[in-house]
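Analysis of the macromolecular model
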Amino acid sequence: MKSIKIYIVVALSLFVFSCEDAIDLTPAQSLNTSEALTDVDGLRTALNGAYSSMQSVGYYGREYMVLPEIEGNLVYLSITNSNRFLSAYQYSWTVQNGDIADVWNICYRTILRVNNVINNIDEIEGDATDKNQIKGEALGIRALCYFDLVRFFAKPYTIGNPATDLGVPISLEATLEELPRNTVEEVYTQIISDINEAKSLMTSYDVGRFSVDAAEALLARVSLYKGDYAQAEASASTLMNAYALSSNYDAIFSGPGATSEDIFTLVFISTETNGADNHGNIYNPNGYGDIRVTEDLRNLYEAGDQRADQIYQHTDGEYYQSKYDEQDGIPGLVSPKILRVAEMYLIRAEARFNTGNKDGAVDDVNALRAARGASQISSLNLIRDILEERQRELVFEGHTTFDYFRNNVTMNRSQCNSGLEVEAPCSISTSDHRSVHPIPNDEILVNQSMVQNTGY
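These remarks concern the structure in this document. (Residues numbered from 1 in each chain as written. Predicted model: local features only at pLDDT ≥ 70, side-chain atom pairs only at ≥ 80, totals over all residues. Heavy atoms only, no water.)

A closer look at the overall build of the protein
When you go through the protein residue by residue, the secondary structure sums to 17 helices and ten strands. Taken over C-alpha atoms, the radius of gyration comes to 21 Å for the protein, in line with the 23 Å a tight globule of 456 residues would show. Overall, the C-alpha framework of the protein stretches about 60 × 50 × 45 Å when taken along its three principal axes. The proportion of buried residues among the 456 residues of the protein is 59%. When contacts within the protein are restricted to residue pairs at least 6 apart in sequence, long-range pairs at least 24 apart make up 70% of them. Summed over all atoms, the accessible surface of the protein reaches about 16700 Å², with 47% contributed by carbon and sulfur. Of the charged side chains in the protein, 34 are positive and 63 negative; the average position of the first set lies 4 Å away from that of the second. (Helix = DSSP H or I, 4+ residues; strand = E, 2+ residues; numbered from the N terminus. Rg over C-alpha atoms; globule rule 2.2 N^0.38 Å. Buried < 20%, exposed > 50% of the residue type's maximum accessible area, 1.4 Å probe, protein only. Contact = heavy atoms within 4.5 Å. Areas by Shrake-Rupley, 256 points an atom, 1.4 Å probe, with all protein chains shown as cover. Lys, Arg positive; Asp, Glu negative; His and termini not counted. Charge placed at Lys NZ, Arg CZ, Asp CG, Glu CD.)

A word on the nonpolar core
Phe210 and Met344 are the most contacted members of the largest nonpolar core, which totals 131 residues. Per element, the largest residue contribution to this core is 13 residues, and it comes from helix H7 (residues 128-153). Setting aside residues no more than four positions away along its own chain, Met344 makes contact with Ala217, Ala220, Ala236, Leu239, Met240 and Ile263. (Core = buried A, V, L, I, M, F, W, Y, C linked by side-chain atoms within 4.5 Å.)

Comments concerning the packing of helix H3 (residues 40-54) against H7
Close contact between H3 and H7 brings their axes to 10 Å; oriented N to C, the two are set at 25°. Comparing the axis directions of H3 and H7 gives the class roughly parallel. You can see that H3 and H7 cross each other, and the crossing is left-handed. For the pair H3 and H7, the contacting residues are Val40, Leu43, Arg44, Leu47, Ala50, Tyr51 and Met54 in the first and Asp130, Lys131, Ile134, Glu137, Ala138, Ile141 and Leu144 in the second. For the contact of H3 with H7, a count of residues per class yields ten nonpolar, no polar and four charged. (Axes fitted to C-alpha atoms, helices over the stretch in contact; angles between N-to-C directions. Parallel < 35°, antiparallel > 145°, perpendicular 65-115°, else oblique. Left-handed = near helix turned anticlockwise from the far one by under 90°. Nonpolar A, V, L, I, M, F, W, Y, C, P; charged D, E, K, R; others polar.)

A word on the side chain of Lys131
Inspection of the secondary structure assignment puts Lys131 in helix H7. Buried within the structure, Lys131 lacks any salt-bridge partner; its nearest side chain of opposite charge belongs to Asp122, at an N-O separation of 5.4 Å. Sequence-distant contacts of Lys131, that is, excluding residues within four places in its chain, are made with Val40, Ile121, Asp122, Ile124, Glu125 and Gly126. (Salt bridge = Lys/Arg side-chain N within 4 Å of Asp/Glu carboxyl O.)

Here we look at the pattern of salt bridges
Counted under the stated rule, the structure contains 34 salt bridges. Where Glu63 meets Arg62, a salt bridge forms, and the shortest distance between an N and an O atom there is 2.9 Å. Here the two residues Glu63 and Arg62 agree in accessibility, since each one is buried. Asp403 serves as the salt-bridge partner of Arg390, at 2.7 Å between the closest nitrogen and oxygen. In this pair, Arg390 is assigned in helix H15 (residues 383-394) and Asp403 in helix H16 (residues 400-406), connecting sequence segments 13 residues apart. The pair Arg390 / Asp403 is uniform in exposure class, with both members buried.

Quick notes on H3
Along its 15 residues, H3 runs 21 Å from first to last C-alpha, staying within 8% of the 21 Å computed at 1.5 Å per residue. Counting buried residues in H3 gives 13 out of 15 residues, a clear majority hidden from the surface. (Expected span 1.5 Å × (residues − 1).)

Topic: the packing of aromatic side chains
This structure, assessed with the given rule, holds 18 aromatic pairs. Above the ring of Tyr225, the side-chain terminus of Arg406 is found at 4.8 Å from the ring centroid. The lysine or arginine in question, Arg413, covers the ring of Tyr89, its NZ or CZ lying 4.1 Å from the ring centre. (Phe/Tyr/Trp six-rings, centres within 6.5 Å; stacked < 30°, edge-to-face > 60°. Lys NZ or Arg CZ within 6 Å of the ring centre and 35° of its normal.)

Some thoughts on the state of the cysteines
A full pass over the atoms with the stated rule returns one disulfide. Here Cys416 connects covalently by a disulfide to Cys426, the sulfurs 2.1 Å from one another. Between Cys416 and Cys426, the disulfide has an S-S torsion of -90° and is therefore left-handed. Highlighted residues: Cys416 in the loop between strand S9 (411-412) and strand S10 (427-428) and Cys426 in the loop between S9 and S10, separated in sequence by ten residues. Unpaired in this structure, Cys107 has its nearest cysteine sulfur neighbour in Cys145, at a distance of 5.1 Å. (Disulfide = S-S within 2.5 Å.)

That's the geometry; what it means functionally is another story.
Printed below as a string of structure tokens:
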């Protein structure tokens, strides 16, 4: 892809600025890709650049966490808004949409950075354990990026025909030409290959970096989306045996490594604040406050459930969430929980439910509910019952619409066009072409091999 090939230069030129709070700068950053990575320190620097890229506002710094929520039914976009996320809430996507372009470009920028590491590391002298850890982290990041791309720009694996449905282009090199889109199945195969190789290489653990545990947790999630329920259950079980649920739900979100639940958190330190554009400020009434909580979400909670405490009524009479109020005293600063053990309980419950082990699924849900102070349930009758538990637990963490569409469940907003919200569709089914995002127009224009998604 010419646009991505050009972006390598852009990414490298921005590299100095994006990483300056997290790493020491070196003159190697001004060199071209083949010259810059000549030792292990250079590899670490390049890898840190990939983590920094993931922090971008257009990716895990905000957009990728918010879009699957604002497209859902648990939050709404107030009629008094700052003109952000209008297209997402209204499903009025155009191929020129900046949020869509950000997800595409930043994910591929991150992939290019880790490809540079992966492709050079075997030729560089250094301690084998250090090199394996660096390569494993790079592979894990690449797997995560491709997974985020394919679930954003393609039909869910379990809906349609993954062997023929178009996914996203795969490149395993540090440069890209005009590559066509691989199939959904091919992308998933590459993701799982990267995860398994990453698991075989890494030995150290840091909550703020990819690790063996993060790779296992990602494999659980990917396997669930793929419908490989045996693998999803096995991987989730591994993490459930190694990590404990927290009895303090609010504390989980106070910072990286704050409780026993963290598997992989993308760490933001105080000097990495984006100010008004911090993730939490889109929800915070003292920030933009554009996105507010619907009755759909409030009605999911029972009295005594700790998770309900994150919802509060403001002086304007509307409801907001406090999950991302602040970190380190900085309003809206968030270190997003990309993978945590509570999700593993929900993954195993869903996998068990789909393979007929409903009693086991009930046990997993009840273990989570007990940790949150919620009452025990006696049965799970529909997949929607598990999705609702996922919503209680994972709301605002970037899962909502992905969960609907991969399960072929229509997204219905019962609080819709009431006068509080921007006018928008009250339901979107998986057969609606808008449930899949358009390929950015710039990519279509410069890549003759690129095919646009249906309906755009």
